[in-house]
Amino acid sequence: MKAIKLDENIYWVGANIHTEDLFEGIWPIPHGVALNSYVVKGEKIALVELVKEWGNASQTLIRRLRSINLKLSDIDYLILNHLEPDHTGFTHLLKSINPDIEIVATEKGTALVDAFYGIKENVRAVKTGDTLDLGNGFVFKFVEIPNVHWPETMATYEMKSKILFSSDAFGSFGVHKGSIFEDETPQAYLPYWENEMLRYYANIVAMFSPMVLKAIDSLAGVDIKMIAPSHGLVWRGKPEVVINKYIRYANYNRDHAEPEICLIWGSMYGNTEVMVNAILKGIASEGVPVTVHRVPNEDVSFILADAYKSAGLVIGCPTYEYEMFPPMKYCLDLFKKKHLWYKKVLFFGSYGWSGGAQKDFDELSKSMKWDMLEPLTFRGHPTDEQFEKGVKLGTELAREVKKIPSKIKNEEYGMK
Ligand SMILES: Cc1cc2nc3c(=O)[nH]c(=O)nc-3n(C[C@H](O)[C@H](O)[C@H](O)COP(=O)(O)O)c2cc1C
Ligand SMILES: [Fe+2]
Ligand SMILES: [Fe+2]
């Protein structure tokens, strides 16, 4: 359990954890998550971000500190960029071990230090532009990045090493596999990180996309050599790749999604289900990439990721007690919450007598800025004509999706 060096006197002392717990009590993390914490050793010693008591994370932190001859009681400053307990859960214990430690956060952050941990003493509020000199040439400069992810969030820039400790911004689900650095990550793991990063963004950050872009703007002109987020990889080789990736993600709910389709369906007795293939046949005829998910069998966390990046959505949903099939309603409610806006959308589904799912769907999706195709609802099992209509509508949707100009050029951001 060693600390990992980012630069002279700057180390990663975080923990890769696996837990049965759901992240934020809602999102599964089958590949675990990295709780990144960093130490900067000037004349004074600072910890940037902390861990929560998950899967021995605090023990791991202590062991890594020990590997560079540090104890919790040696820490002078605790920099809390973001007060969410995944990064701060250990604060209470740390403070009882080291009562002299000074906690640094934004003004809103200090209020949460008190609210969560009852700590009022030795707490310093900082704002954009404020600095903290650790000695030996290490100086932190703070930049508030509100709502990436909570209102109190800030990033901390160390001026000598040019490392940006970016908090949740540029983060990801998933544990490190052999290296904490992106430039040491084998090619074979890149799809793993792509998936976990997009899922993290869609689940946690998507709603705050305008603030992500604002934060990136406020960092323009800052000479960033390395990005050290609070989850996921440390971007040492090409930090611009993760910045561009986040710009791309932040544009997915601003009418710039990928020319792909995500089809989500639920069915009680198979009548809605049999239409799925007809629609897929139409989509396939246009060669548009498609992902398919069934509710409630698949966790909405994964569905959100595919739906978020796709310009086209297909929602297959039967009527259940005059409304939508409840698991679909839950899924779409989250789409609404996460601002999955500006999609081309096809709705279909079966009903038994008077229907109701479509009306419920129209109501729920009203504020989503969705461009709807003609819905395809049918009583009981679809007829041959209705199957043909399904193929036609699938084709039509795929054509619409293909028309979307990719406003974000790959070359522009140096990545897919
Ligand atoms: C619990 C339950 C509630 C239902 N409520 C309605 C309803 O309110 N209105 C309606 O038209 N059909 C209702 N139905 C009938 C279904 O919508 C119909 O059987 C449909 O074909 C189901 O599609 P599926 O086979 O894809 O599940 C209900 C069925 C079930 C099992
Ligand atoms: Fe967070
Ligand atoms: Fe976090």
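Fair warning: this is a prediction, and the values are worked out from it, not measured in the lab. Once a new chain begins, its residue numbering starts again from 1 and follows that chain's sequence as written. Just so you know, chain letters begin at A and ligand numbers begin at 1, following the order they were written in. Where totals are concerned, whole chains, interfaces and linings use all residues; where local detail is concerned, this predicted model gives features only for residues with pLDDT of at least 70, and gives and counts side-chain atom pairs only at 80 or more. Excluding hydrogens and water, the side-chain figures rest on all heavy atoms present in the structure.

**Q** Summarise the pattern of salt bridges; cite the residues concerned and give the values.
**A** By convention in these notes, a salt bridge is any Lys or Arg side-chain nitrogen within 4 Å of a carboxyl oxygen on Asp or Glu. This model, assessed by the stated rule, comprises 23 salt bridges. D114 is paired through a salt bridge with K120; the nearest N and O atoms lie 3.3 Å apart. Across the salt bridge formed by D183 and R236, the nearest N and O atoms sit 3.0 Å from each other. With D183 in the loop between strand 13 (163–167) and helix 5 (190–205) and R236 in the loop between strand 14 (226–229) and helix 7 (239–251), the pair connects residues that are 53 residues apart, well separated along the chain. A helix here means a DSSP run of H or I that spans at least four residues, while a strand means a run of E at least two residues long, and both kinds are numbered starting from the N terminus.

**Q** Break down the coordination of the iron ion (ligand 2) for me, with residues and values.
**A** Of the protein atoms, only H82 (NE2), E84 (OE), H149 (ND1) and D168 (OD) coordinate the iron ion (ligand 2), at distances of 1.9 to 2.4 Å. Sites may look incomplete because water is not among the atoms; the donors themselves are N, O and S atoms within 2.8 Å of the metal, or within 3.2 Å for Na, K and Ca. Each label reflects the angles at the metal, where four donors whose angles all fall between 85 and 135 degrees are tetrahedral, four or six donors whose opposite pairs open beyond 155 degrees and whose other angles stay between 65 and 115 are square planar or octahedral respectively, and the rest are irregular. Here the iron ion (ligand 2) binds four donor atoms, and the angle range of 82 to 165 degrees at the metal identifies the geometry as irregular. Here the donor residues of the iron ion (ligand 2) are spaced in sequence according to H-x1-E-x64-H-x18-D. In this structure, the iron ion (ligand 2) lies 3.4 Å from the iron ion (ligand 3), and both are coordinated by D168. Across the pair, exposure class does not vary: H82 and E84 are buried alike. Partly exposed residues are those whose accessible area sits between 20% and 50% of the maximum for their type, while under 20% is buried and over 50% is exposed, using a 1.4 Å probe and protein chains only.

**Q** Got a sec to walk through the side chain of E84? Specific residues and values, please.
**A** With respect to the element layout, E84 can be found in the loop between strand 7 (77–79) and helix 2 (85–88). Lacking a salt bridge, the buried E84 has K338 as its closest oppositely charged neighbour, with an N-O distance of 9.6 Å. With near-sequence residues (within four places) excluded, E84 lies in contact with E24, H149, W150, E152 and D168. The convention is simple: Lys and Arg are positive, Asp and Glu are negative, and His and the chain ends are not counted. Between two residues, a contact is recorded if the distance between any of their heavy atoms is within 4.5 Å.

**Q** I'd like to hear about the domain arrangement of the protein chain, residue by residue, with values.
**A** Boundary definitions for the domains trace back to an automatic or database domain assignment. On domain assignment, one finds that the protein chain holds domain 1 (4–251) and domain 2 (258–400). The distance between the C-alpha centroids of domain 1 and domain 2 comes to 38 Å. On the domain 2 side, the residues contacting the 15 residues of domain 1 number 14 residues. Measuring nitrogen to oxygen at the nearest pair gives 3.0 Å for the salt bridge that ties R248 to E258. We define a polar contact as two N or O atoms separated by no more than 3.5 Å, with the added condition that, inside protein, one atom must be a possible hydrogen donor and the other a possible acceptor, whereas residues neighbouring each other in sequence contribute only through side-chain atom pairs. Linking domain 1 to domain 2 there are six residue pairs in polar contact (both at pLDDT 80 or more). Looking at the side of domain 1 that touches domain 2, the elements that each hand over two or more residues are helix 5 and helix 7. With five residues, the single largest contributor to the side of domain 1 that touches domain 2 is helix 5.

**Q** Just give me the short version of the site of ligand 1, but keep the residues and values in it.
**A** Residues are classed as near a molecule or strand on a simple rule: at least one heavy atom within 4 Å of it. By nearness alone, 17 residues border ligand 1, and S267, M268, T272, Y322 and S350 come closest of all. Between ligand 1 and Y322, the relevant distance is 2.5 Å, taken from an oxygen atom to a main-chain nitrogen or oxygen of the residue. In this structure, an oxygen atom belonging to ligand 1 sits 2.9 Å away from a main-chain N or O atom of W353. Breaking the shell around ligand 1 down by element, the ones donating at least two residues are strand 18 (319–320) and strand 20 (344–351). Gly is placed with the polar residues, together with every amino acid not listed as nonpolar (Ala, Val, Leu, Ile, Met, Phe, Trp, Tyr, Cys and Pro) or charged (Asp, Glu, Lys and Arg). Residue composition of the shell around ligand 1, by class: seven nonpolar, nine polar and one charged.

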